[in-house]
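Each chain, letter by letter, is given below.
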Protein chains: 2
Amino acid sequence: MDLDERKMKILQAIIRTYLETGEPVGSRTISKYTDLNLSSATIRNEMADLEELGYILQPHTSAGRIPSDKGYRIYVDEMMREREESLNNREKKLDEMQNILLEKVDRVETLLQNVTRAVADNTKYAAMISTPHMHDNRLKFIQLSSVEGEKILCVMVLEGNIVKNKILKVEGQLDNETILKLNILLNSTLNGLTLEQIHMGLVAKLTGQAGEQSELIKAVLDAVVEAISPEEDMRIYTSGATNILKYPELNDSERASLLIGALEEKQMLTNFLTNGDEENKGIQIYIGDETLVQSMKDCSVVTATYELEDGLKGTIGVIGPKRMDYEKVVETLRSVKEQLDDAYRRIT
Amino acid sequence: MDLDERKMKILQAIIRTYLETGEPVGSRTISKYTDLNLSSATIRNEMADLEELGYILQPHTSAGRIPSDKGYRIYVDEMMREREESLNNREKKLDEMQNILLEKVDRVETLLQNVTRAVADNTKYAAMISTPHMHDNRLKFIQLSSVEGEKILCVMVLEGNIVKNKILKVEGQLDNETILKLNILLNSTLNGLTLEQIHMGLVAKLTGQAGEQSELIKAVLDAVVEAISPEEDMRIYTSGATNILKYPELNDSERASLLIGALEEKQMLTNFLTNGDEENKGIQIYIGDETLVQSMKDCSVVTATYELEDGLKGTIGVIGPKRMDYEKVVETLRSVKEQLDDAYRRIT
DNA sequence: TGTTAGCACTCCATAAACTTGAGTGCTAAC
DNA sequence: GTTAGCACTCAAGTTTATGGAGTGCTAACA
């Protein structure tokens, strides 16, 4: 059986009401709420159908209905309307964001932390963000310098102007000329290569050419491999974990502890923040079990992928109760995503 | 009235018992617990005295007694005994720590995060750590390199081998010779200077000498100032925030939310993590209101200052309920502190 | 004078009994 | 197909008992 228009309207009314109140919603409420004038008894009949179809469920007999995961899913896929937000309001939000961006955010990390906090504050849910990272990093520039005594500073610039560095120790001092030679050798050999290419026999070749300095070259190669390894180039920031505690359905200490723990641990979050889908303007919604994370089965997660100019991609996400205000969250993430792309160009 | 030996023993027994159980402790319990054989009635008399003196208090009439802040204070100052931990056990803990340190901790930050987690896991309280930072940073080495087009990479090494970098934009391309000259100029002028010294009119002097490149020099100076500014060089990591939820006295959602929020925000934590006292082997205990942080008035905080070889100092702290196991925490922090100093030498 | 036994009293915690109200399913009538 | 009405269910809140832990005080004892 497919959903006819009336059932759709009723389901929509149930979900909307539940999103607002968080309480199971009864037939009488809906009978008053909707524009189609129906008595509570009729609504009850329809509700029984909807329940049989799996869109809503009863916490217990003689309670109202709440949306099931399937219900939420059809809601976000087909019923959610664009929030007709007043231009005024939008303007204001944009201003806020601009302010955040202008306050001394010379470093991308600070920017991202601020954005995360802003999103958490704005939505009243928990927010997370992954730092932008490339799918395959390439080395763009490498340089060794003698800092003092036996310490050599190795600076690497990756595609996308990400800078990494490492201090290496050598036996005995190196004169400037040797360093110059090494720099030329390294730059001419390594630039533009990906991780796989470096792994393919390059080590032997380079150490051969390096003669006396083969030890140092080995250390440098290790540093390069480390720098361009995918694990190395992503960090996750979170904010607003405590917002979770605001929602009674998540606020038994068991659940809350697991959830906040997951946010703190950050390991599990990579799930959401890496394999972003390309469709739907980069906005993804995971409901309940769809999150594939046990501790989040009572939550929903909304993510958006942002892309900076150099092809650096990152993801920002919001975690909240299943009855989150999806429209608002989607709207917020979309606007943040746009501004992020924009703002980054301004600060670099 | 001063505390005679018997009152001390009774107070100690009350606190020990309360630390274990978290329940108000009654006179009969103590009468059985202590070696001095006294009836519960006598204990009651003594308890009344102790209460009058402010060391213990009653949640309500006809309940047992719990320690007051003053009680905790005298406990940690005078009654706490060294945990006579079995050598075996200690050895094991050290091993664990070593393992953590050996797992791929080429970067100090990873090390510190691991340590924080280990401390949180070990104590079952929340842990925090500040990255090592110097009181007055000095520049040790600075170098500009042309990376591509109009982008100049500025790398700075500070005393203590902390590396910072920034990408600067210039108008038009710079040839290698100009860069070489600038590098010599910058190194000879800036090295070894502190923030104050740089602020004192250096800008004018340098830009004068730089001729055409005065714009670039200004940008470089900004980068240097930013790099050695004290705010810039400290980060805080936390772990185990959810452990807070384990303790019923902190686990109403109001309190917990504030506390975990504070841990997340990290701003308030600087209180503890900066002005470390030197006495008492660097270990400090703040009880209840002594924390000077409203949201932590039901908590105690224990901090230890660690010092790396180059004079880099940081602080590690544990946050838990007032009835925390002070002995264990102090012991853990002491051992971590020692190992941190030690381990750092090994990995650099 | 310090210590102890005993007793009346207080207060919290827990459980049991009761009440309330929202909501349902079903049937019969429109 | 829709609606009114009624009996029924269940959760949540309120009240009422009950038990137990603990105290303070007094009087007796060594």
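Presented here is an overview of the structure given in this document. Since this is a predicted model, take the numbers as computed values, not measurements.

**As for the protein's contact with DNA strand C**
- Near DNA strand C there are 20 residues, and of these A:Ser27, B:Arg6, B:Thr42, B:Thr61 and B:Ser62 occur at the shortest range.
- One of the side-chain N or O atoms of A:Arg65 is found 3.2 Å from a phosphate oxygen in DNA strand C.
- Within the side chain of B:Ser62, one N or O atom sits 2.8 Å away from a base oxygen of DNA strand C.
- Secondary structure elements with two or more residues in the surface near DNA strand C: helix H3 (40-53) of chain A together with helix H3 (40-53) of chain B.
- Of all the elements, H3(B) adds the most residues to the surface near DNA strand C, at four residues.
- Residue composition of the surface near DNA strand C, grouped by class: four nonpolar, 12 polar and four charged.

**Regarding the interface of chain B and chain A**
- Contacts between the two partners involve 40 residues from chain B and, on the opposite side, 40 residues from chain A.
- Summed over both partners, the interface of chain B with chain A comes to about 3,300 Å²; 48% of that surface belongs to carbon and sulfur atoms.
- Area buried by chain B at its contact with chain A is led by B:Arg235, B:Thr242 and B:Glu264, which between them contribute 14% of it.
- The interface formed by chain B and chain A contains four salt bridges.
- The salt bridge involving A:Glu148 is made with B:Lys140; its shortest N-O contact spans 3.0 Å.
- Across the chain B-chain A interface, the total number found is 10 residue pairs in polar contact (both at pLDDT 80 or more).
- Secondary structure elements with two or more residues in the side of chain B that touches chain A: helix H6 (108-123), strand E4 (139-148), strand E5 (151-158), strand E6 (162-169), strand E7 (236-239) and helix H11 (253-265) of chain B.
- Grouping the amino acids of the side of chain B that touches chain A by side-chain chemistry returns 11 nonpolar, 14 polar and 15 charged.

**Considering the protein's contact with DNA strand D**
- Close to DNA strand D lie 20 residues; A:Arg6, A:Thr42, A:Thr61, A:Ser62 and B:Ser27 are nearest.
- Here DNA strand D approaches the protein such that, of its atoms within 4 Å, sugar and phosphate make up 81%.
- The contact in question runs from a phosphate oxygen of DNA strand D to an N or O atom on the side chain of A:Arg6, over 2.7 Å.
- Within the side chain of B:Arg44, an N or O atom sits 3.1 Å from a base nitrogen of DNA strand D.
- Where the surface near DNA strand D is concerned, the elements lending two or more residues are H3 of chain A together with H3 of chain B.

**Comments concerning the relation of the copies chain B and chain A**
- Expressed as a screw operation, the relation of chain B to chain A combines 0.0 Å of axial shift with a rotation of 180 degrees, fitting to an RMSD of 0.1 Å. Classification of the inter-copy transformation places it as that of a two-fold axis.
- A symmetric contact is evident, with 100% of the interface residues of chain B recurring at the interface of chain A.

**Considerations on the environment of B:Thr189**
Residues and elements named next belong to chain B.
- Along the chain, Thr189 turns up in helix H7 (residues 176-190).
- By relative accessible area, which is 18% here, Thr189 ends up buried.
- C-alpha separation for the pair Thr189 and Lys205, spaced 16 residues apart in sequence, amounts to 9.9 Å.
- Within polar-contact distance, the side chain of Thr189 engages the backbone oxygen of Leu185 at 2.4 Å.

**Remarks on the packing of aromatic side chains**
- One pass over the full model with this rule turns up six aromatic pairs over all chains.
- Look at A:Phe272 and A:Tyr286: their rings are 5.3 Å apart centre to centre, the planes differ by 70 degrees, and that puts the pair in the edge-to-face class. You can see A:Phe272 sitting in helix H12 (residues 270-274) and its partner A:Tyr286 sitting in strand E8 (residues 283-287), a full 14 residues away along the chain.
- For A:Phe272, a relative accessible area of 2% puts it in the buried group.
- For A:Tyr286, a relative accessible area of 14% puts it in the buried group.
- Between B:Tyr125 and B:Tyr247, the aromatic rings sit 5.4 Å apart at their centres with planes inclined by 35 degrees, giving tilted as the arrangement. Note that B:Tyr125 is positioned in the loop between H6 and strand E3 (126-130) and B:Tyr247 in the loop between E7 and H11, a separation of 122 residues in sequence.
- The ring of A:Tyr55 has A:Lys70 lying over it, and the distance from NZ or CZ to the ring centre is 4.6 Å.

**Digging into helix H6 (residues 108-123) of chain A**
Residue and element names in this part refer to chain A.
- For H6, which comprises 16 residues, the first-to-last C-alpha distance of 22 Å matches the rise-based estimate of 22 Å (1.5 Å per residue) to within 8%.
- Residues of H6 that are buried include every one of Leu111, Leu112, Asn114, Val115, Thr116, Ala118, Val119, Ala120 and Thr123, and no others.
- In the segment just after H6, Lys124 is the residue with positive phi, at about 70 degrees.

**Let's talk about the pairing of strand E9 (residues 299-307) of chain A**
Residue and element names in this part refer to chain A.
- Most of E9 sits inside the fold, with eight of its nine residues counted as buried.
- Pairing analysis gives five bridges linking E8 to E9, with the strands arranged antiparallel. Following the sheet pairing, Ile283 is matched in E9 by Ala304.
- Pairing geometry for E9 and strand E10 (residues 313-321), over nine bridges, is antiparallel. The residue bridging Val301 from the neighbouring strand is Ile319, located in E10.

**A few points about helix H7 (residues 176-190) of chain A**
Residues and elements named next belong to chain A.
- Here H7 contains 15 residues, and its C-alpha end-to-end distance of 21 Å stays within 8% of the 21 Å for a straight helix at 1.5 Å per residue.
- If you check which residues of H7 are buried, you get Ile179, Leu182, Asn183, Leu185, Leu186, Asn187 and Leu190.
- Taking the backbone nitrogen of Glu177 as reference, a side-chain oxygen 3.1 Å away marks Asp175 as the first, capping residue of H7.

Cut-offs applied
Residues numbered from 1 in each chain as written. Chains lettered and ligands numbered in written order. Predicted model: local features only at pLDDT ≥ 70, side-chain atom pairs only at ≥ 80, totals over all residues. Heavy atoms only, no water. Near = heavy atom within 4 Å. Polar contact = N/O pair within 3.5 Å; in protein donor to acceptor, adjacent residues only side chain to side chain. Helix = DSSP H or I, 4+ residues; strand = E, 2+ residues; numbered from the N terminus. Nonpolar A, V, L, I, M, F, W, Y, C, P; charged D, E, K, R; others polar. Contact = heavy atoms within 4.5 Å. Buried area = accessible area lost by both parts, 1.4 Å probe. Salt bridge = Lys/Arg side-chain N within 4 Å of Asp/Glu carboxyl O. Least-squares fit on C-alpha atoms with pLDDT ≥ 70 in both. Buried < 20%, exposed > 50% of the residue type's maximum accessible area, 1.4 Å probe, protein only. Phe/Tyr/Trp six-rings, centres within 6.5 Å; stacked < 30°, edge-to-face > 60°. Lys NZ or Arg CZ within 6 Å of the ring centre and 35° of its normal. Expected span 1.5 Å × (residues − 1). Pairing = 2+ DSSP bridges.

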